[in-house]
Amino acid sequence: MSNTTHTADHNGDRRSWIGTSLPRKDGPDKVRGRIRYTDDTRLPGMLYAALLTSPVAHARIDSIDTESARTLRGVRGVFTGDDFPFLVGLYLGDKPPLARGLVRYFGEPVAAVVAEDERTALEAIHRIAVRYSDLPVVRSPREALAPDAPVIHPDMADYAHIPAILPEPGSNVGHRTRLRKGDAEAAFAAADVSVEGEYEFPPGDHVAMEPRIAIAEVRSDGQVVIRTSTQSPYGVRAIMSRCLGIPTGKITIIAGPVGGGFGGKAGIQLEPLAYLLSRSVGGAPVRLANTREQDLVTSPGAPGLQSRVALAARADGTIIGARIEYLFDSGGYADYAVNVARAAGYACTGPYNIPNVHADSLSVYTNHPFATAYRGFGHIEMSYSIERTIDLLAEKLGMDPVELRARNVIRLGDRTPSNDVLDENTGDLPECLRRAAALIGWDEGSVQRIDAHTVRAKGVSCYWKAPAIPTFTDAAAMISFNEDASINVVTGAVEIGQGIFTGISQLVAEKFGIHPERVHVVDETITDRSMHDWTTAASRTLFMVGRAVLSAADDAVAQIKRVASAPLRCPEEDLEVYGGRVFIRDVPSHGLPLEEVVLGFIYPNGNAVGGPIVGRGKYIARHLTSIDPQTGEGRPGLEWTLGAQGVEVEVDLRDGRYRVLKSACVMDVGQVINPALARGQVVGAMAMGVGYTTRESFAFDSRGRVQNGKLRDFKIVRFGEHPEYLVDFVETPQRDGPYNARGLGEQGIVGMPGALASAFSRAVGRQLMQLPITPEYLWREARAAEGPRSAG
């Protein structure tokens, strides 16, 4: 055992690894470029696929001429939608692997080529000729709901879907969540004041550093093996089995490290098409990889939103009612967007105690690129709408926005919009709000004029998020030991940049009283040998996988005690396992090193007992229920993470140029396991929130075609544009979490649009009601605030 390994000495001194900022296990290899991603895989005999995508947003496919492409030397196959008569979908089976008969969004795959090398595949794509007949384009959710709107999916009634998703055939509604709590109409009738706002923003993209990729092969025994950049290896396996009719046991999904996901790799992506292409060319490995442009537009991105929120309040600022409508822009297909709308529905009020709520949250088909999960999963869109309306109410009441929020934030014992009572695990949102306001110096003034044309302003927001997961969401883990008693941990979690394996190693090290360097977490998930896990998403991995790992550790400890009790001649209950030893609790000097136990104990005469210790653990979400389709009542949230954010911005009123100076986040996360990793997650989320709010969205022409589908035009936050990030944590214990921890991966983005819009509105003197908040938008609103003088 190395000198760095901490042990329990006879005085009982122990060091805790919980709350310790250990460096990431994968950090050195990542910064040296030594991590092997799926894209780095090369297999013997591998073929290369390329896609032809639609240049129009909505059209009938009249003909596809592939003859010239087929004759090109090195082409192994050319395929269209007619070759693959399947429908694939996560919740709602509505999407063909290649467009069949119709294209429903700009960038939709229409044909695929498989060739011996990538250059030949791309050349063949350019030889395919497609004739289209344009159809009317649906450009927004409200337009899609108009009585005379074209129905984008006329066959919706035939689509398979899970029971929780409720499509409305004959319309463009993929799903509707209803929330009915109390009597909203009576609340508005009794209110002293009410406000209403309408908000909107277009779809966008995650812009993960690693484009999506899948490499599929069908082996001679029929086993389908897919190496893929996914957050959800077991989800991919299940969906492919269900939609393509492959027995689950005949599918192996291999997921290594993922170069960023942010929700965009949580569903099913290129895997079905890669498999179908491989099957069509005799089972050879086929590599299907997005170009950067395809990753932006062809694969799913972030949903857009049109929303309307009205709040009713008493004169003292107590909010007594809400009327809410969220219209999520699903784009051409449903994917995760139907569940995004559902999640926003049952969290619809934000973290405020509003007793009377009438809310509808819809996922609506349009002819935009289709949407999937995006960091925050509906809560970021919902939060923006609620926080903007809170600011409208503060303005109308003449009340400080922080004071108004503090008066209404949700607390222990309050009821969520779905009528679930918040229990003793509820975080301390008033304290989060107080600290966030202090970090940006709110009491020193929310607006400051620097000179004749420069203004600094501050904004605040509150947020919450619970994992949007099935009631049966699970995780499993296995622990085994090496000859030196170091520990191997196998889970089904995927490393997507969050540092999960470092966190897991700290949990196990804490349990066994050893250094985390002696805990080896397997960093690749292979579905036929790893442990089952629902998905690495929803900010629930450390919580649920952590619970499973600790359960496996308990199982291993029990086995160690059982084996050791005989040679130590004592009952199992008198033993303790810690610091690399198993020993009698009240006589610590009397014990055995784990090396002599974990692979079986050998007596002096050569007799052996026990055998290899293998700890098994599992966890499944507890007490979750479905929600009532008419009222939304139920318990859909595993645990709620609460927090508050504040920002300070500087705006040049002459041209709308701006800087974000400070960005603060205070979050109640229960016990912080690794402060450095936790801060990194929150800072990364805030940075993403700055881009989401100010620029990262698609621009469309009148025919629904994306105009900024390249990174040259789709702007993201660059180095040098980042504000000063201020992060603090409140630690109200999550008693059912691993060492009292709760999820935090997504939450730091949720309140950013609301806080930034509040600050920018204060700076220009007008309430901003749409995203992105660009310099041009700020300039226009500043001029409008000046009134007629601006014309001169």
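Residues numbered from 1 in each chain as written. Predicted model: local features only at pLDDT ≥ 70, side-chain atom pairs only at ≥ 80, totals over all residues. Heavy atoms only, no water.

## Brief notes about the overall build of the chain
Phase 1 of the analysis: When its secondary structure is counted, the chain shows 18 helices and 30 strands.
Phase 2 of the analysis: Here the chain has a C-alpha radius of gyration of 28 Å; the compact-globule value for 792 residues is 28 Å, and the two agree.
Phase 3 of the analysis: Classification of the 792 residues of the chain by burial places 63% in the buried group.
Phase 4 of the analysis: Of the contacts made within the chain by residues no fewer than 6 positions apart, 77% connect residues no fewer than 24 positions apart.
Phase 5 of the analysis: When the accessible area of the chain is evaluated, it comes to approximately 29400 Å², of which 48% is carbon and sulfur surface.
Phase 6 of the analysis: The average position of the 85 basic charges and that of the 95 acidic charges among the side chains of the chain differ by 2 Å. (Helix = DSSP H or I, 4+ residues; strand = E, 2+ residues; numbered from the N terminus. Rg over C-alpha atoms; globule rule 2.2 N^0.38 Å. Buried < 20%, exposed > 50% of the residue type's maximum accessible area, 1.4 Å probe, protein only. Contact = heavy atoms within 4.5 Å. Areas by Shrake-Rupley, 256 points an atom, 1.4 Å probe, with all protein chains shown as cover. Lys, Arg positive; Asp, Glu negative; His and termini not counted. Charge placed at Lys NZ, Arg CZ, Asp CG, Glu CD.)

## A word on the sheet that holds strand β28 (residues 641-652)
Phase 1 of the analysis: Taking strand neighbours across the sheet as the criterion, the five strands line up as β16-β17-β28-β29-β30 in an open arrangement whose pairing is mixed. In this open sheet, the two edge strands, each paired with only one partner strand, are β16 (447-449) and β30 (724-730). The average undirected angle you get between the axes of adjacent strands in this sheet is 15°.
Phase 2 of the analysis: In the sheet, β16 pairs with strand β17 (residues 454-465) via three bridges, with the strands oriented antiparallel. Along β17, the bridge assignment pairs R449 with V455.
Phase 3 of the analysis: The sheet strands contacting helix α12 (residues 429-439) are β17, β28, β29 (658-668) and β30, and the helix crosses β28 at an angle near 20°. (Pairing = 2+ DSSP bridges. Axes fitted to C-alpha atoms, helices over the stretch in contact; angles between N-to-C directions.)

## Section: the pattern of salt bridges
Phase 1 of the analysis: Scanning the model with the defined rule gives 42 salt bridges in all.
Phase 2 of the analysis: Between K30 and D26 there is a salt bridge; the shortest N-O distance is 3.4 Å.
Phase 3 of the analysis: Of the charged contacts in the structure, one is a salt bridge between D652 and R654, with a shortest N-O distance of 2.8 Å.
Phase 4 of the analysis: Look at D652 and you get buried, because its relative accessible area is 9%. (Salt bridge = Lys/Arg side-chain N within 4 Å of Asp/Glu carboxyl O.)

## Some thoughts on the side chain of S461
Phase 1 of the analysis: Note on placement: S461 falls in strand β17.
Phase 2 of the analysis: Judged by its relative accessible area of 0%, S461 is buried.
Phase 3 of the analysis: Side-chain polar atoms of S461 contact the backbone oxygen of G751, separated by 2.7 Å.
Phase 4 of the analysis: Beyond its immediate chain neighbours, meaning those up to four positions away, S461 contacts E387, R405, A644, Q645, G751, G754 and A755. (Polar contact = N/O pair within 3.5 Å; in protein donor to acceptor, adjacent residues only side chain to side chain.)

## A closer look at unusual backbone geometry
Phase 1 of the analysis: Of note, the bond from L771 into P772 is cis; its omega dihedral lies within 30 degrees of zero at 0°.
Phase 2 of the analysis: Position of P772 relative to the elements: it lies in the loop between α17 (752-764) and α18 (775-786).
Phase 3 of the analysis: Here D335, not a glycine, exhibits a phi torsion of approximately 40°, which is positive.
Phase 4 of the analysis: On the secondary structure map, D335 appears in the loop between β14 (319-331) and α9 (337-346).
Phase 5 of the analysis: Taking the relative accessible area as the measure of exposure, D335 reaches 8% and is therefore buried.
Phase 6 of the analysis: Unlike most non-glycine residues, S539 shows phi in positive territory, near 55°.

## Quick look at the domain arrangement of the chain
Phase 1 of the analysis: Assigned domains of the chain: these are domain 1 (7-35 + 473-620), domain 2 (38-135 + 212-289) and domain 3 (304-469 + 626-791).
Phase 2 of the analysis: The centre of domain 1, based on its C-alpha atoms, is set 39 Å off from the matching centre of domain 3.
Phase 3 of the analysis: Of the residues lining the interface, 28 residues belong to domain 1; the matching set on domain 3 comes to 27 residues.
Phase 4 of the analysis: At the boundary of domain 1 and domain 3, one finds zero salt bridges.
Phase 5 of the analysis: Joining domain 1 to domain 3, the criterion identifies nine residue pairs in polar contact (both at pLDDT 80 or more).
Phase 6 of the analysis: At the level of elements, α13 (500-512) and α14 (541-565) are the ones that each hand at least two residues to the side of domain 1 that touches domain 3.
Phase 7 of the analysis: Its residues assigned to classes, the side of domain 1 that touches domain 3 comprises eleven nonpolar, twelve polar and five charged. (Domains from an automatic or database assignment. Nonpolar A, V, L, I, M, F, W, Y, C, P; charged D, E, K, R; others polar.)

## Digging into empty space enclosed by the protein
Phase 1 of the analysis: Tallied over the entire structure, the rule returns five cavities of 30 Å³ or more.
Phase 2 of the analysis: As for the largest cavity, its lining consists of 22 residues, and the residues nearest its centre are K95, I268, Q269, L270 and F370.
Phase 3 of the analysis: Here the lining of the largest cavity is composed, by residue class, of 14 nonpolar, five polar and three charged.
Phase 4 of the analysis: Here the second largest cavity defines a volume of roughly 70 Å³.
Phase 5 of the analysis: Lining the second largest cavity are F201, P202, P203, G204, A302, P303, Y692, E696, S697, L771 and P772.
Phase 6 of the analysis: Classifying every residue of the lining of the second largest cavity gives eight nonpolar, two polar and one charged. (1 Å grid on protein atoms, 1.4 Å probe; cavity = no way out; pocket = protein on both sides within 12 Å on 5 of 7 lines; lining within 4 Å. Points joined across faces, edges and corners; volume = space filled by probe spheres on them.)

## Considering a positive patch on the surface
Phase 1 of the analysis: Taken together, K710, R712, K715 and R718 make up a surface patch of like positive charges.
Phase 2 of the analysis: On the basis of relative accessibility, which here comes to 37%, the residue R718 falls in the partly exposed class. (Patch = residues over 30% accessible without salt bridge, like charges linked within 9 Å, V, L, I, M, F, W, Y side chains within 5 Å.)

## Here we look at the layout of surface pockets
Phase 1 of the analysis: The space that makes up the second largest pocket amounts to roughly 750 Å³.
Phase 2 of the analysis: Contributions of two or more residues to the lining of the second largest pocket are made by β7 (173-181), α6 (233-244) and α9.
Phase 3 of the analysis: Among the elements that line the lining of the second largest pocket, the one with the most residues is α6, at five residues.
Phase 4 of the analysis: A breakdown of the residues in the lining of the second largest pocket according to their chemical character gives 19 nonpolar, ten polar and seven charged.

## Things to note about the nonpolar core
Phase 1 of the analysis: Of all hydrophobic cores here, the largest spans 207 residues; its most connected members are Y326, I479, F512 and I560.
Phase 2 of the analysis: What I479 contacts, discounting residues up to four positions off in sequence, is I487, N488, V489, V508, F512, V549, A552, A553, A556, I613, V614 and G615.
Phase 3 of the analysis: V56, A59, V78 and I125 belong to the second-largest nonpolar core, a separate cluster that totals 20 residues. (Core = buried A, V, L, I, M, F, W, Y, C linked by side-chain atoms within 4.5 Å.)

## Concerning the side chain of T454
Phase 1 of the analysis: Residue placement: T454 occurs in strand β17.
Phase 2 of the analysis: On the accessibility criterion, T454 (10% relative accessible area) is buried.
Phase 3 of the analysis: A polar atom in the side chain of T454 sits 3.1 Å from the side chain of H453.
Phase 4 of the analysis: Setting aside residues no more than four positions away along its own chain, T454 makes contact with Q448, R449, E650 and V651.

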